[in-house]
Every structure is written in structure tokens, then in C-alpha cells.
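Examining the three-dimensional arrangement
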Amino acid sequence: MTTDDLVDTRHPIDATDAVGIAGSFREALSHFCSGVVVITAEDADGEPTGMTVGSFTSISLDPPLVGFFAGSSSTTLPRVLATGRFSVNVLAEGQDLLARSFARSGTDKFAGVSWTRSANGAPRLDGAHAWIDCDIDDHRVIGDHELVVGRVSALIVPAPTDPLVFHRSMFRTLGPLS
Ligand SMILES: Cc1cc2nc3c(=O)[nH]c(=O)nc-3n(C[C@H](O)[C@H](O)[C@H](O)COP(=O)(O)O)c2cc1C
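Residues numbered from 1 in each chain as written. Predicted model: local features only at pLDDT ≥ 70, side-chain atom pairs only at ≥ 80, totals over all residues. Heavy atoms only, no water.

**Focus: the overall build of the chain**
Assigned secondary structure in the chain consists of three helices and 12 strands. Of all 178 residues assigned to the chain, the portion counted as buried reaches 35%. A total of about 10,900 Å² of accessible surface is found on the chain, and carbon and sulfur atoms cover 57% of it. Separation of charge centres in the chain, based on 13 positive and 22 negative side chains, amounts to 4 Å. (Helix = DSSP H or I, 4+ residues; strand = E, 2+ residues; numbered from the N terminus. Buried < 20%, exposed > 50% of the residue type's maximum accessible area, 1.4 Å probe, protein only. Areas by Shrake-Rupley, 256 points an atom, 1.4 Å probe, with all protein chains shown as cover. Lys, Arg positive; Asp, Glu negative; His and termini not counted. Charge placed at Lys NZ, Arg CZ, Asp CG, Glu CD.)

Put into C-alpha cells, the structure is as follows:
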């Protein structure tokens with residue numbers, strides 16, 4: 001193979017091509033892989049609520065802040081905001097069915113799911129790789145999503161398992177390079 005074989009002949013899509021940008025946005029961004037978490041909370045009626053999120057990120061070490069972006073149409077988001085607290089369940093490999101079920105709006109997401117209540121009331125899903133309890137520290141609307149920033153109040157890492165990974169619309173697991 002020569003270097004000529006490696007030249008990408010596709011044309012860049014610039015911001016003046018709104019239709020092109022919209023059509024290629026998901027495809028381009030799908031190449032960025034993420035971990036998978038389920039954001040959970042106890043809503044104002046004492047009911048468990050939650051949604052699958054790939055946009056989770058660490059933000060600050062001092063103070064300890066994390067965050068995620070939720071679509072403005074999410075039915076979970078207002079319930080989380082109303083409580084002022086949430087937990088991050090970092091999913092482990094093998095929890096892809098859980099991730100799929102918490103991504104389905106309008107369903108009983110907790111049916112058949114084993115969980116315990118954290119000190120902040122939010123469900124901790126059994127088998128998760130880590131749990132991070134947070135108090136909401138900031139909230140901003142950005143485009144068609146909303147940034148929720150949480151200040152970490154407690155952390156548990158129950159087992160050193162491998163994480164669940166999402167890449168190009170598929171759930172994957174980590175594998176060694178050699
Ligand atoms: C791997 C994966 C990652 C996702 N990441 C996000 C995300 O970061 N933000 C978001 O709003 N939705 C995300 N979703 C979609 C939500 O989980 C989905 O819209 C969910 O049904 C919202 O539920 P709700 O309407 O009950 O809140 C993701 C889905 C999957 C499968």
C-alpha cells in the first residue's frame with residue numbers, strides 16, 4: 001500500500017451546507033467512541049427514573065464536578081432537575097441490554113432491574129462498574145440539549161470490571177491491542 005492509497009478523497013462539508021452538515025453530523029460523530037452510563041434519580045413522587053447517556057464527562061477535580069448532556073425532549077431530564085440530585089451508573093461490559101432498555105422513552109425502565117437506593121435516593125443499578133452520587137451544581141440550555149453539572153457527593157467502585165463501550169451505533173467491549 002502506498003501513501004496515495006491512504007488519501008481521503010471525500011469532500012469536506014462546511015457550515016454553509018446546512019443540509020450536508022445535518023446529514024453527516026451523526027455519522028461523523030459516531031466515530032467518536034464513548035463509555036455508557038445510566039443517569040438515575042428518585043423523582044419528586046419517590047419513583048425511580050433514569051436514562052442512558054453517552055455524553056457523560058468529568059469536568060473538574062477541585063471541586064469534583066461531572067456532567068452530561070440530555071436532549072431537551074427527554075422525559076427523564078425534568079424529573080432529575082426537580083430533585084436536584086442524581087447518580088451516575090457506569091455500565092460494565094455485558095450490560096448492553098440494560099443500556100438499550102434505559103434508552104427507550106415511555107417504558108417501565110426499571111421492570112426486572114435489580115437496584116438499591118443510594119444515600120441521595122437515586123437507584124444504584126446492580127452490576128454497574130462504578131456509582132457516582134451528585135448534587136446538581138449547574139444547568140444550562142445549549143442548542144437542543146441541556147448540560148447538567150453535578151458536584152460529586154459520594155463514589156463507589158465495586159468491582160474492577162471492564163466497561164461497556166459505544167461506537168458507530170454498536171455496543172462493544174475493550175480488547176487488548178496485542
Ligand atoms: C449508547 C447511548 C447513549 C446515549 N446518550 C445520550 C445522551 O448523551 N444524551 C441524551 O439525551 N440521550 C442519549 N441517549 C438516548 C436516550 O437514552 C434516550 O433518548 C432516552 O430514551 C431518553 O429517555 P426519556 O425520554 O425517558 O428521558 C443515548 C442512547 C444510547 C443507546
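**Side note on the sheet that holds strand β3 (residues 48–53)**
Strand order across the open sheet formed by seven strands is β3-β2-β6-β9-β10-β5-β4, with antiparallel pairing between neighbours. One side of each edge strand has no neighbouring strand; the edge strands of this open sheet are β3 and β4 (57–60). In this sheet, neighbouring strand axes are inclined to one another by 35° on average, regardless of whether the strands run parallel or antiparallel. Along the sheet, helix α2 (residues 76–83) makes contact with β2 (37–42), β3, β5 (65–71), β6 (85–90), β9 (130–142) and β10 (145–156), crossing β3 at roughly 120°. (Pairing = 2+ DSSP bridges. Axes fitted to C-alpha atoms, helices over the stretch in contact; angles between N-to-C directions. Contact = heavy atoms within 4.5 Å.)

**Section: the site of the ligand**
Not every one of the 19 residues close to the ligand is listed here, only the nearest: S55, S74, T76, A103 and S105. With respect to the ligand, the backbone of T52 contributes an N or O atom lying 2.8 Å from an oxygen atom. Relative to its unbound accessible surface of 640 Å², the ligand loses 79% to contact with the protein. Taking a 2 Å distance to the grid points as the criterion, the majority of the atoms of the ligand fall inside the largest pocket. Among the elements of the structure, β3 and β5 are those that each provide at least two residues to the shell around the ligand. Considered class by class, the residues forming the shell around the ligand number eight nonpolar, nine polar and two charged. (Near = heavy atom within 4 Å. Polar contact = N/O pair within 3.5 Å; in protein donor to acceptor, adjacent residues only side chain to side chain. 1 Å grid on protein atoms, 1.4 Å probe; cavity = no way out; pocket = protein on both sides within 12 Å on 5 of 7 lines; lining within 4 Å. Sits in = over half its atoms within 2 Å of the grid points. Nonpolar A, V, L, I, M, F, W, Y, C, P; charged D, E, K, R; others polar.)

**Observations regarding the pairing of β5**
Within a regular strand, the side chains alternate between the two sheet faces. For β5, the tally of buried residues reaches six of seven residues, placing the bulk of the element in the interior. In this sheet, β5 lies alongside β4 in antiparallel orientation, the contact comprising three bridges. Residue pairing across strands places S60 opposite L65, the latter belonging to β5. Turn length for the β4-β5 hairpin, with the two strands adjacent in sequence and antiparallel, is four residues. Pairing of β5 with β10, which is carried by seven bridges, proceeds in the antiparallel orientation. Across the sheet, A70 pairs through a bridge with E146, a residue of β10.

**Quick notes on the sheet that holds strand β11 (residues 164–167)**
Read across the open sheet, the three strands follow the order β1-β11-β12; overall the sheet is antiparallel. The open sheet has two edge strands with one neighbour each: β1 (34–35) and β12 (170–173). Examined bridge by bridge, β1 and β11 share two bridges and lie antiparallel to one another. Bridge pairing links S34 to F166 in β11.

**As for the environment of A154**
Among the secondary structure elements, A154 is positioned in strand β10. A154 sits in the partly exposed class, given a relative accessible area of 29%. Taking the C-alpha atoms as reference points, A154 and C134, separated by 20 residues in sequence, lie 7.1 Å from one another. For A154, the contacting residues outside a window of four places in its chain are W131, I132 and D133.

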